Amino acid sequence: HLFLMTAVPGVLGDKDDPSTRIPRLTVTEARAAIADGIIVGGMIPKVEEALRQLESGIGAVHILAADPGAIEAEAADPGSRGTVLLPG
């Protein structure tokens with residue numbers, strides 16, 4: 001697993017609304033979300049880097065906010081604190 005820490009709680013369905021955090025995305029879903037304009041702005045390079053890592057053999061990439069306890073909680077329950085990107 002690779003954990004990418006950022007200032008937002010993960011990939012958001014609406015970049016201005018943290019309550020729209022998407023808990024889980026496959027490679028196919030992430031590419032579609034970029035193409036459809038759901039993933040925008042500074043999140044695009046983060047997601048593209050995650051996709052490159054998945055293609056190179058990393059089993060899962062987590063994008064989450066750098067909050068106390070976030071990595072531990074996300075590792076124990078993927079998608080609970082951020083967005084987990086998975087092959088597929």
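Right above here is the structure, for reference.
Residues numbered from 1 in each chain as written. Predicted model: local features only at pLDDT ≥ 70, side-chain atom pairs only at ≥ 80, totals over all residues. Heavy atoms only, no water.

Visitor: Break down the overall build of the protein chain for me, with residues and values.
Guide: Summing up its helical and strand segments, the protein chain has three helices and four strands in all. For the protein chain, the N- to C-terminal ordering of α and β elements is β-β-α-α-β-α-β. Here the C-alpha radius of gyration of the protein chain, 12 Å, is about what a compact globule of 88 residues would show, namely 12 Å. Taken along the three principal axes of its C-alpha coordinates, the protein chain extends 35 × 30 × 15 Å. Partitioning the contacts of the protein chain with sequence separation of at least 6, the portion at a separation of at least 24 is 62%. One finds the centroid of the 7 positive side-chain charges in the protein chain at a distance of 2 Å from the centroid of its 12 negative side-chain charges. (Helix = DSSP H or I, 4+ residues; strand = E, 2+ residues; numbered from the N terminus. Rg over C-alpha atoms; globule rule 2.2 N^0.38 Å. Contact = heavy atoms within 4.5 Å. Lys, Arg positive; Asp, Glu negative; His and termini not counted. Charge placed at Lys NZ, Arg CZ, Asp CG, Glu CD.)

Visitor: Residue-level account of the pairing of strand S3 (residues 61-65), with values.
Guide: Counting buried positions along S3 yields five of five residues, so the element is predominantly enclosed. Where burial is concerned, the two faces of S3 agree: the one with Val-61, Ile-63 and Ala-65 and the one with His-62 and Leu-64 are both buried. Direction of pairing for strand S1 (residues 2-6) relative to S3: parallel, over a ladder of five bridges. When the sheet's bridge partners are listed, Thr-6 is paired in S3 with Ala-65. Where S3 lies against strand S4 (residues 83-86), three bridges are found, and the strand directions are antiparallel. Residue Ile-63 lies in a different strand from S4, and its bridge partner there is Thr-83. (Buried < 20%, exposed > 50% of the residue type's maximum accessible area, 1.4 Å probe, protein only. Pairing = 2+ DSSP bridges.)

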